[in-house]
Amino acid sequence: MGSASHNREPKLSVFFCFSFYLLTSKARALAQYSSPVFACDVVTNPSLASFGFCNTSLGFSDRVVDLVKRLTLQEKIGFLVDKSASVSRLGIPNYNWWSEALHGVSYVGHGTNFSNVVPAATSFPQVILSAASFNVSLFQAIGKVVSTEARAMHNVGLTGLTFWSPNVNIFRDPRWGRGQETPGEDPLLSSKYASSYVRGLQQRDDGDQNRLKVAACCKHYTAYDLDHWNGTDRTNFNAVVTRQDMEDTFQPPFRSCVLDGNVASIMCSYNQVNGKPTCADPNLLSGVIRGEWKLNGYIVSDCDSVYEFFNRQHYTKTTEEAAATAILAGLDLNCGSFLGQHTEAAVKAGLVDMSNIDKAVSNNFATMMRLGFFDGDPTKQIYGNLGPKDVCTAENQDLAREAARQGIVLLKNNPGSLPLSPTSIKMLAVIGPNANATLTMIGNYQGIPCNYTTPLQGLTALVATAYHAGCYNVACDKAQVDDAKKVAASADAVVLVMGANGSIETEGFDRVDLLLPGQQSLLVTEVASVSKAPVILVIMSGGGMDVSFAKNNDKITSILWVGYPGEAGGAAIADVIFGYHNPSGRLPMTWYPQSYVDKVPMTNMNMRADPSTGYPGRTYRFYTGETVYSFGDGLSYSTFEHKLVQAPEVVSVPLEEDHPCRFSKCISIDAVEKSCEDLAFDVHLKVENTGIMRGSHVVLLFYMPPSVHNSPRKHLVDFEKVLLDAKTATMVQFKVDVCKHLSINDEFGSRKVALGEHVLHIGSLNHSFTVRI
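Note that the coordinates shown come from a computational prediction; the quantities given were computed from them, not determined experimentally.

### Notes on the overall build of the chain
Item 1. Counting secondary structure elements, the chain contains 22 helices and 27 strands.
Item 2. Relative to its length of 773 residues, the chain is compact, with a C-alpha radius of gyration of 26 Å against a globular reference of 28 Å.
Item 3. The C-alpha extent of the chain, read off along each of the three principal axes, is 75 × 75 × 50 Å.
Item 4. Carbon and sulfur atoms make up 51% of the accessible area of the chain, which amounts to about 27,000 Å² in all.
Item 5. In the chain, which carries 65 positive and 74 negative side-chain charges, the distance between the mean positions of the two groups comes to 2 Å.

If you want it as structure tokens, here you go:
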């Protein structure tokens, strides 16, 4: 999301606008900020204490009712937009709703500034790399640090309390420029990341579930995963999605945000779904988010999306109809000015009535009440002691480094290659356009990092290095092959840091292929041909790359994927290469060959393969073709063995005596049946580190259902990350809820438990069991 103006830059300027943002953010340091924005300042204006909405002894709902009844129509409309207007007679200041905290407090959005008071904030790895850690506690820990730094910045007037993060869209197509912002392609991993990060952002240390530390927002709802590809733009794209794909792929992360994370907001997206703009669809908004999931919070539009469904999608004939349609659908807040400009006319035309306006602003005010915005000076509240001293702390920066280390994925490692020994390397060649990267390391939706440690700096801190960029930039139109080969030929080992950056993949710009840009592949191959072993290829990117050439080249001994690893990325990369950290990351997305995107249009939303047309499907759950690397791939410097200790052979589902499946053959039963409630079993697994190095190991529990209802080929049921010393073992226990974990969606989107043989899959272990009535 973001303002329409800054997200529609032409291809070549997208990356450079990031640098412009950085400079303009630094320029804002000229301004001095000293106090937070808040309402009900009864110290300065004691008369405000007579207002019910300022009375903290009342319940939130009573306070909201009191506030709304005091407002005129024009004043209410002022609270339907992200730059909310002040009402000085009631002691309510201007408030900017738009702040971002995707992987650290960000300067994207109008609600946050950096200054000489707080010049930077901790920049964690881009989400796709954090997700590769498969560590739920890490997700929440990052969120907690980000919210602490946000509160500290709020106390000195530098940011608001409403953050439009995280992005939990499914990384459906490898070309999507925003895939880097997401937790990957799997609905379960995305759901667990979503709810955990939201809890980290929102949960208060006093345990009060009714109040918020900061307000998170899960976006972009829903089936949104195309920005600009082959003439199709996100603002005019109609995503044609089957009910089955909607329920088992696109909706689960948002459902988890609300039901498991109790998120304060959902953002509807630009695109249409099956002919209706998401921000104008009453079924998706009022019906599902507010009705089925019981959202306790507000629904916000992506920036200018109401304007877009009127202006570009031509969904309504008039601006008044567009405003009314959005509000009646369940939209509470418009990022942009459209509702501020056209809602009054919609009311006067009888298209929407005051009760609908009241409902929307009440949802917005209730969220602000939960944040303490109407409780007076926040420096006198629970987080009032936070300030600049709590931003960029050593502990926070250590967590950024640890998060990057946990996410880094080792994809290839010939025997005797990694880890390198710092005592045996007299000279390390460091080559590549991302070898000395700074801004690239933090990806998009970034803030100003506390510090940068580039890959070159991280490696140079451990051994002597010789550096050559090899290309003038990531586009690598002309590689400096001969010079790079000279550097590599005399070195004891070579680290090639290649990949992408914001000129290749970002918001508003989807990739055109899956290959390393320009002549990067040539540079890698030529350098490897003259190098002493080992040669380590490090790929910095958000999406997967077709690096088959390197995978199949014995001279390239190791491959690491490091995502966009954040401010401490260079240190984390060095930690892994030299064995100070045993890699444990797993790929959160499939790496496809280039042939895949040559024949699959990005606009085809179908997840399931179609043999009749040759369509191969999408993601590990449905894709039937060859891969470069698969979801869940990732090596370690240790070896881990699994032994199944306990799992059922048969699971019996009790049915009523008169259930029709007792009298006729059924392939499945409804997962909502009473007989399916509380039906669960335990899986006990012994995990042993048989190697000689301490390390973490991600245990991925998959299952393969019977082939009914066009079910997934396999599906992630649960995962657990364990830390084991060398030659030690531990027990891992999974509780499998039959209806929750083993159910599938049928062709109509209904949850079903398939009857017949199921297979649990853990590493090289397969265990078959039967589900029967």
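### Focus on the sheet that holds strand E3 (residues 218-221)
Item 1. Spatial ordering of the open sheet is given by E3-E7-E10, a layout of three strands whose pairing is parallel. Looking at which strands have only one partner, the edges of the open sheet turn out to be E3 and strand E10 (298-301). The sheet shows a mean angle of 30° between the axes of neighbouring strands, direction not considered.
Item 2. In this sheet, strand E7 (residues 265-268) lies alongside E3 in parallel orientation, the contact comprising two bridges. Looking at E7, one finds that Tyr221 is bridged to Cys268.
Item 3. Contacts from helix H8 (residues 252-259) reach E3 and E7 within the one sheet, and its direction differs from that of E3 by about 145°.

### Considerations on the packing of aromatic side chains
Item 1. The tally for this structure, following the rule as stated, stands at 28 aromatic pairs.
Item 2. Each ring, one from Trp98 and one from Trp164, has its centre 6.2 Å from the other, and the planes form 15°; the classification is stacked. Note that Trp98 is positioned in the loop between strand E2 (95-96) and helix H4 (127-131) and Trp164 in the loop between helix H5 (136-154) and helix H6 (187-202), a separation of 66 residues in sequence. The residues Trp98 and Trp164 share a single accessibility class, namely buried.

### Comments concerning the nonpolar core
Item 1. Trp164, Phe374, Leu428, Leu560, Trp561, Ile577 and Trp591 are the most contacted members of the largest nonpolar core, which has 213 residues in total.
Item 2. Element by element, the count of residues in this core is highest for H5, at eight residues.
Item 3. Membership of the second largest hydrophobic core comes to 34 residues, among which are Val653, Cys661, Ala671 and Leu742.

### Section: the packing of H5 against helix H14 (residues 394-407)
Helix-helix packing: each pair is described by the crossing angle between the helix axes and the interaxial distance.
Item 1. At a closest axis distance of 11 Å, the pairing of H5 and H14 adopts a crossing angle of 150°. Judged on the interaxial angle alone, H14 and H5 are roughly antiparallel. In terms of crossing hand, the pair formed by H5 and H14 is left-handed. Note on element contacts: H14 touches H5 through Asn396, Leu399, Ala403 and Gln406, opposite Leu138, Ala141, Ile142, Val145 and Glu149.
Item 2. A class-by-class count of the residues in the contact of H5 with H14 yields six nonpolar, two polar and one charged.

Conventions we followed
- Position numbers for residues start from 1 in each chain and track the written sequence from start to end.
- Totals for whole chains, interfaces and linings use every residue, but because this is a predicted model, local features are given only for residues with pLDDT of at least 70 and side-chain atom pairs only at 80 or more, for both listing and counting.
- The basis for the side-chain values is all heavy atoms of the structure; hydrogens and waters are excluded.
- Think of it this way: any DSSP run of H or I at least four residues long counts as a helix, any run of E at least two long counts as a strand, and we number them from the N terminus.
- Radius of gyration: over C-alpha atoms. The globule rule applied is 2.2 Å multiplied by the number of residues raised to the 0.38 power.
- Computed by Shrake-Rupley with a 1.4 Å probe, the accessible areas treat only the displayed protein chains as cover when residues are assessed.
- Charge convention: Lys and Arg are scored as positive, Asp and Glu as negative, and His as well as the terminal groups of each chain are ignored.
- To locate a charge, take atom NZ for lysine, CZ for arginine, CG for aspartate or CD for glutamate.
- When DSSP locates at least two bridges between a pair of strands, those strands are taken to pair.
- Simply put, an axis is a line fit to the C-alpha atoms, just over the touching stretch for a helix, and the angle between two N-to-C directions goes from 0 to 180 degrees.
- Residue contacts are defined here by distance: any two heavy atoms, one from each residue, within 4.5 Å place the two residues in contact.
- Centres within 6.5 Å make a pair out of two Phe, Tyr or Trp rings, where for Trp the six-membered ring is used; the pair is then stacked when the planes are under 30 degrees apart, edge-to-face when over 60, and tilted otherwise.
- Categorising residues by exposure relies on relative accessible area from a 1.4 Å probe, with only protein chains included: less than 20% of the type maximum marks a residue as buried, more than 50% marks it as exposed, and the intermediate range marks it as partly exposed.
- Note on terminology: a nonpolar core comprises buried Ala, Val, Leu, Ile, Met, Phe, Trp, Tyr and Cys residues joined through side-chain atoms within 4.5 Å.
- Convention used here: angles under 35 degrees read as roughly parallel, angles over 145 as roughly antiparallel, angles from 65 to 115 as roughly perpendicular, and any remaining angle as oblique.
- Should the near helix be turned anticlockwise from the far one by less than a right angle, the crossing is left-handed, and should it be turned clockwise, the crossing is right-handed.
- Three classes are used, and their members are as follows: Ala, Val, Leu, Ile, Met, Phe, Trp, Tyr, Cys and Pro are nonpolar, Asp, Glu, Lys and Arg are charged, and the others, Gly among them, are polar.

As far as function goes, none of this settles anything; it's purely spatial.
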